[in-house]
Amino acid sequence: MAKRGVPEGLWIRCPQCKATIFRKEAESRFNICPECDHHFYLPAQARIKQLLDEESFEEWFTDLRPRDPLEFQDRILYGQRLKAEQAKTGMSDAAVVGKGFIRGRPVVFGVTDFAFMAGSMGSVVGEKLTLAAEAATRLMLPLILVSGSGGGARMQEGILSLMQMAKISAALGRYHQAGGLYVSILTNPTMGGVAASFALQGDLTLAEPGALIGFAGKRTIWETLRLELPEGFQTSEFLLKHGFIDRIVPRKDLRTEVARIIDYCEQ
Ligand SMILES: [Zn+2]
């Protein structure tokens, strides 16, 4: 798994089949390995470009910016970490939400980006996704959320981070009661408090092939419970087999598949 996105350079190495690939070729194929179909990390902006109709995305709530109310410090101050992550990614925090079109169908759309603090859910991510769910309820539009969060809840925000799980779940509950259609798309990785809240509350749950999806990682489970788990137990394929997700959809087919689901559910 690429930790911080695809490294710079003309050539990249596929972590799955170890092939050396011309970067431009991978990019022209939805950031998928041409040799083995491994799905590379995809930044939020590239995701928007791939999934939504050209120039159709209107970003919302761009004035929401993270703060450091606990003055939390690990290796560095959280405030400093935020500044560094913002400079590195060009994003204010790990989520982007707004309105767009998928093959001509209007949707409310949101995505979390692994590059910003592993896509973890702090107050801004939680608030943006909640506001998106509320807007989808008001506008009676389908809600499409793509998660790419390895961090789950953002521990630097303590309880303020954990309460986002309840807040967004409540908003999704109201959206559901109003008859809204929520399609959740899980990408590599979707873990922790993100998996334990909005990512696994979809009316339909899709996943990209080979994505790591779960709550606690294999190492954590071993360290806390001394349980040895089966090989690949947190992959899309394992979860599909065990009824945890509805369908695995290759990245190149996602736009068409989501459009089809919207049509099917609106009939
Ligand atoms: Zn490969």
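Only a predicted model underlies this, so the values are computations on that prediction, with no experimental measurement involved.

Asker: Just checking my understanding: could you explain the coordination of the zinc ion for this structure?
Answerer: For a metal with four donors in a tetrahedral arrangement, the ideal angle between donors is 109.5 degrees, while six donors in an octahedron ideally sit at 90 or 180 degrees. Around the zinc ion, the protein supplies Cys 14 (SG), Cys 17 (SG), Cys 33 (SG) and Cys 36 (SG) as donor atoms, at distances of 2.3 to 2.4 Å. Coordination at the zinc ion is tetrahedral, judged from the four donor atoms that bind it and the angles of 107 to 112 degrees they form at the metal. Spacing between the donor residues of the zinc ion along the chain follows C-x2-C-x15-C-x2-C. Of this pair, Cys 17 sits in the loop between β1 (11-13) and β2 (20-22) while Cys 33 sits in the loop between α1 (23-28) and α2 (44-51), and the two are 16 residues apart along the sequence.

Asker: Is there a simple way to explain the packing of aromatic side chains in this structure?
Answerer: What describes a pair of aromatic rings is the distance from one ring centre to the other and the angle between the planes of the rings. Summed over the entire model, instances satisfying the criterion amount to three aromatic pairs. Both rings, one in Trp 11 and one in Phe 22, keep their centres 5.2 Å apart while their planes meet at 50 degrees; by these two values the pair is tilted. Highlighted residues: Trp 11 in strand β1 and Phe 22 in strand β2, separated in sequence by eleven residues. With a centroid separation of 5.8 Å and an interplanar angle of 65 degrees, the aromatic rings of Trp 60 and Phe 61 are classed as edge-to-face.

Asker: Any chance you could explain the sheet that holds strand β9 (residues 247-248) here in plain terms?
Answerer: Strands in a sheet are paired, the pairing made by backbone hydrogen bonds, and the direction either parallel or antiparallel. Read across the sheet, seven strands follow the order β3-β4-β5-β6-β7-β8-β9 without closing on themselves; strand pairing throughout is mixed. Single-partner strands in this sheet number two, and they are β3 (58-59) and β9. As paired elements, strand β7 (residues 182-190) and strand β8 (residues 204-207) share four bridges and run parallel to each other. Looking at β8, one finds that Val 183 is bridged to Leu 204.

Asker: Help me out: how do you make sense of unusual backbone geometry in this one?
Answerer: One can expect most non-glycine residues to show negative phi and most peptide bonds to be in trans. Residue Pro 189 follows Asn 188 across a cis peptide bond; omega there is -10 degrees. With respect to the helices and strands, the residue Pro 189 is situated in strand β7. One non-glycine residue, Ala 118, adopts positive backbone phi at about 60 degrees. As for its position among the elements, Ala 118 is in the loop between β5 (105-112) and α4 (123-139).

Asker: I would appreciate a short explanation of the pattern of salt bridges in the present structure.
Answerer: As a working rule, side chains carrying opposite charge can pair if their charged atoms are close by. Under the criterion given, the structure shown has 14 salt bridges. Note that Arg 23 and Glu 27 form a salt bridge whose closest N and O atoms lie 3.8 Å from each other. Highlighted residues: Arg 23 and Glu 27, both in helix α1, separated by four residues, approximately one helical turn. Take Arg 23: its relative accessible area is 12%, and that puts it in the buried class. For Glu 27, a relative accessible area of 38% corresponds to the partly exposed category. Lys 252 is paired through a salt bridge with Asp 253; the nearest N and O atoms lie 3.4 Å apart. What you see here is one network of salt bridges that share partners, running through Arg 47, Glu 208 and Arg 251.

Asker: Would you explain α4 in this entry?
Answerer: Along an α-helix, a turn takes 3.6 residues, which lines up residues three or four apart on a common side. For α4, spanning 17 residues, the distance from its first C-alpha to its last is 24 Å, which sits close to the expected 24 Å at 1.5 Å a residue. Along α4, the residues classified as buried are Val 124, Val 125, Gly 126, Lys 128, Leu 129, Thr 130, Ala 132, Ala 133, Ala 135 and Ala 136. Contact partners of the buried residues in α4: β3, β4 (95-102), β5, β6 (143-149) and α5 (158-177). After α4 finishes, the residue Met 140 shows a positive phi value of roughly 50 degrees.

Asker: Help me understand the pairing of β7 in this model?
Answerer: Working note: regular strand, side chains alternate between the two faces of the sheet. For β7, the tally of buried residues reaches eight of nine residues, placing the bulk of the element in the interior. One ladder, built from six bridges, connects β6 with β7; its direction is parallel. Opposite Ile 144, over in β7, you have Val 183 as the bridge partner. With α5 bridging β6 and the parallel β7, this β-α-β connection has right-handed handedness.

Asker: How should I be thinking about a nonpolar patch on the surface in this particular structure?
Answerer: Together, Leu 10, Trp 11 and Phe 22 line one region of the surface with nonpolar side chains, adding up to about 340 Å² of accessible area. Along the chain, Leu 10 falls in the segment before β1.

Asker: Mind showing me how you'd approach the packing of α4 against α5 here?
Answerer: One can describe the packing of α4 onto α5 by two numbers: an axis separation of 9 Å at closest approach and a directional angle of 5 degrees. As judged from the angle between their axes, α4 and α5 are roughly parallel. The segment α4 lies against α5, with Ser 123, Gly 126, Glu 127, Leu 129, Thr 130, Ala 133, Glu 134, Ala 136 and Thr 137 engaging Leu 160, Gln 164, Lys 167, Ile 168, Ala 171, Leu 172, Arg 174 and Tyr 175. Taken together, the residues of the contact of α4 with α5 sort by class into eight nonpolar, five polar and four charged.

Asker: Honestly, the side chain of Gln 156 in this entry has me stumped. Any pointers?
Answerer: For Gln 156, the location among the structural elements is in the loop between β6 and α5. In this structure the side chain of Gln 156 is engaged in a polar contact, spanning 3.2 Å, whose partner is the side chain of Asp 74. Residue contacts for Gln 156: discarding those within four places in its chain leaves Leu 70, Phe 72, Asp 74, Tyr 78, Arg 81 and Met 117.

So, how was this worked out
- Here the residue numbers are simple positions, counted from 1 along each chain's written sequence.
- In keeping with the model being predicted, local features are shown solely for residues with a pLDDT of at least 70 and side-chain atom pairs are shown and tallied solely at 80 or more, while totals for entire chains, interfaces and linings include all residues.
- Hydrogens and waters are ignored; side-chain quantities use all the structure's heavy atoms.
- Each metal's donors comprise the N, O and S atoms found within 2.8 Å of it (within 3.2 Å for Na, K or Ca). Water is not part of the atom list, so some coordination spheres may appear incomplete.
- All geometry calls rest on donor angles, where a four-donor set with angles between 85 and 135 degrees is tetrahedral, four- and six-donor sets with opposite donors more than 155 degrees apart and all others between 65 and 115 are square planar and octahedral, and all else is irregular.
- Numbering goes from the N terminus for both helices and strands, where a helix is a DSSP run of H or I of at least four residues and a strand is a run of E of at least two.
- Working definition: rings of Phe, Tyr and Trp (its six-membered ring) pair if their centres are within 6.5 Å, and the pair is stacked with planes under 30 degrees apart, edge-to-face with planes over 60 apart, and tilted otherwise.
- Following DSSP output, two strands are said to pair if at least two bridges run between them.
- Salt bridge, as applied in this entry: a Lys or Arg side-chain nitrogen positioned within 4 Å of an Asp or Glu carboxyl oxygen.
- Only protein chains enter the area calculation, which uses a 1.4 Å probe; residues under 20% of their type maximum are buried, those over 50% are exposed, and those in between are partly exposed.
- Every helix has an expected span of 1.5 Å times one less than the residues it contains.
- The contact criterion used throughout is that any non-hydrogen atoms of two residues lie within 4.5 Å.
- Clockwise travel from the first strand over the helix to the second, with the strands pointing away from the viewer, marks a crossover as right-handed.
- A patch is a set of surface residues, each over 30% in relative accessible area and not in a salt bridge, joined within 9 Å for like charges and within 5 Å for the nonpolar side chains Val, Leu, Ile, Met, Phe, Trp and Tyr.
- Method for areas: the Shrake-Rupley scheme with a 1.4 Å probe, in which residue coverage is limited to the protein chains shown.
- Helix axes are fitted only over the stretch in contact, all axes being lines through C-alpha atoms; the angle between N-to-C directions runs from 0 to 180 degrees.
- Orientation categories follow fixed angle ranges, with anything under 35 degrees roughly parallel, anything over 145 roughly antiparallel, 65 to 115 roughly perpendicular, and all other angles oblique.
- Think of it as three bins: nonpolar holds Ala, Val, Leu, Ile, Met, Phe, Trp, Tyr, Cys and Pro, charged holds Asp, Glu, Lys and Arg, and polar takes everything else, Gly as well.
- Polar contacts, as used here, are pairs of N or O atoms within 3.5 Å; protein pairs need one atom able to donate a hydrogen and one able to accept it. Residues neighboring in sequence count only if both atoms are side-chain atoms.

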